[in-house]
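# A structural walkthrough
This is what each chain is made of:
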Amino acid sequence: RVTPERAVKTMRAAPEAGDDQRISHDTRMFVWARDHGRCRNCGSTKDLQFDHIIPRSWGGAGNAENVELLCQDCNLKKRAQLCPPRKLNAKEVPI
């Protein structure tokens, strides 16, 4: 489960040499703010996980455009499928 506190602890851990699977600290912070600490599909605030929209195994990047917050249920439903995120309204777009 990802909470703001846990996200920060996880982000402080230095990536291992050659570990290009890790999502950077800045990307995690941006995604958390952009998604308002809620699942991008259902709006839940429980059991959140950072997820690659296009999986790394399919050539997806670790940048903010390819990372979203999903709750565990939505992430499990998605698996390795491409699911478009819900559209953000004007109040949700980061400034």
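The present account deals with the structure reproduced in this document. (Residues numbered from 1 in each chain as written. Predicted model: local features only at pLDDT ≥ 70, side-chain atom pairs only at ≥ 80, totals over all residues. Heavy atoms only, no water.)

As a further point, take the overall build of the protein chain. When you go through the protein chain residue by residue, the secondary structure sums to three helices and two strands. Listing every helix and strand of the protein chain by position from the N terminus yields α-α-β-β-α. Evaluated residue by residue, the protein chain yields a buried proportion of 33% over its 95 residues. Put simply, of all contacts in the protein chain between residues at least 6 apart along the chain, 58% involve residues at least 24 apart. (Helix = DSSP H or I, 4+ residues; strand = E, 2+ residues; numbered from the N terminus. Buried < 20%, exposed > 50% of the residue type's maximum accessible area, 1.4 Å probe, protein only. Contact = heavy atoms within 4.5 Å.)

Here the focus is the pairing of strand β1 (residues 48–52). Within β1, four of the five residues are buried, which leaves it mostly tucked inside the rest of the structure. Taken together, the five bridges between β1 and strand β2 (residues 67–71) define a ladder with antiparallel strand orientation. Paired with Leu48 across the strands is Cys71, a residue of β2. (Pairing = 2+ DSSP bridges.)

Of all five residues making up β2, five are buried, and the element is well covered by its neighbours. Residues of β2 alternate between two faces, with Val67, Leu69 and Cys71 on one and Glu68 and Leu70 on the opposite face, all of them buried.

What follows concerns unusual backbone geometry. The phi torsion at His36 lies on the positive side, around 55°, for a residue other than glycine. With respect to the helices and strands, His36 occurs in the loop between α2 (25–34) and β1. Judged by relative accessible area, which is 42%, His36 ranks as partly exposed.

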